[in-house]
Amino acid sequence: MRLRFALSVLVLALMLAAWFWFAWHWSYSEGERAGWVQKFSRKGWVCKTWEGELALVSLPGTSTVEKFQFTVHDEATAEAINKVMGKRVSLHYGEKVGLPGSCFGETRYFVTGITLTDEIPLAPGVVVPNLPPASAASR
């Protein structure tokens with residue numbers, strides 16, 4: 001009887017571990033979001049993760065701003081995001097479903113890469129350049 005109980009607990013633990021592994025390595029969806037990273041910080045009581053907010057603007061000059069909340073686990077990606085704060089970027093992300101608790105991150109969108117976007121397309125052939133910030137010498 002004890003052996004059967006111990007075996008049942010072991011099988012249950014293995015199934016739970018397999019579920020966590022599967023949920024962590026499989027993405028429900030993947031995609032790109034473009035905008036301006038306006039908030040990015042390392043958060044968490046026990047499990048520290050990088051949490052950020054990307055401001056999405058459908059067209060420059062419009063007042064409607066949608067926010068995309070995301071999580072970053074990779075330190076190299078977090079460093080790359082910190083270097084381009086305030087510039088227009090494109091974030092590559094994967095959506096993870098089935099991860100319990102907030103120890104994996106506060107969101108289900110995990111950013112895995114970042115690309116600096118040099119220009120903002122308004123229409124075919126019409127772009128607004130993404131200018132570098134003014135230096136202290138030109139002020």
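Throughout, residues of each chain are indexed from 1 in the direction in which the sequence is written. Where totals are concerned, whole chains, interfaces and linings use all residues; where local detail is concerned, this predicted model gives features only for residues with pLDDT of at least 70, and gives and counts side-chain atom pairs only at 80 or more. Excluded from the side-chain calculation are hydrogens and water; included are all heavy atoms of the structure.

Here we come to the overall build of the protein. Each helix and strand in the protein was counted, giving 2 helices and 7 strands. Expressed as a percentage of the 139 residues in the protein, the buried residues total 27%. The criterion used for residue contact is that any of the two residues' heavy atoms lie within 4.5 Å. Contacts in the protein between residues far apart in sequence, at least 24 positions, make up 56% of those at least 6 positions apart. To be clear on the numbers: accessible area is Shrake-Rupley with a 1.4 Å probe, and residue cover counts the displayed protein chains and nothing else. Split by element, the accessible area of the protein, about 9,700 Å² in all, is 62% carbon and sulfur. Strands are runs of DSSP state E lasting at least two residues, helices are runs of H or I lasting at least four, and both sets are numbered from the N terminus onward. Working definition: with a 1.4 Å probe on protein chains only, accessible area under 20% of the residue-type maximum means buried, over 50% means exposed, and in between means partly exposed.

Okay, the pattern of salt bridges next. Pairing between side chains of opposite charge can happen when the charged atoms of each approach one another. One side-chain nitrogen of Lys or Arg within 4 Å of one carboxyl oxygen of Asp or Glu is enough to make a salt bridge. Taken as a whole, this structure holds 5 salt bridges when the rule is applied. Across the pair R42 and E75 runs a salt bridge, and its minimum N-O distance is 3.2 Å. Highlighted residues: R42 in strand β1 (residues 29–43) and E75 in helix α2 (residues 75–83), separated in sequence by 33 residues. Judged by its relative accessible area of 40%, R42 falls in the partly exposed class. Residue class for E75 comes out partly exposed when judged on its relative accessible area of 44%. Between R108 and E95 there is a salt bridge whose closest N-O contact spans 3.0 Å. On the criterion of sequence distance, the pair formed by R108 in the loop between β4 (88–95) and β5 (109–116) and E95 in strand β4 is long-range, its members being 13 residues apart. A relative accessible area of 40% means that R108 is categorised as partly exposed.

With that settled, the discussion passes to the environment of S27. Mapped onto the elements, S27 comes out in the loop between α1 (2–25) and β1. Sequence separation of S27 and E95 is 68 residues, and the distance between their C-alpha atoms is 5.4 Å. When sequence neighbours within four positions are dropped, the list of residues in contact with S27 reads G94, E95 and K96.

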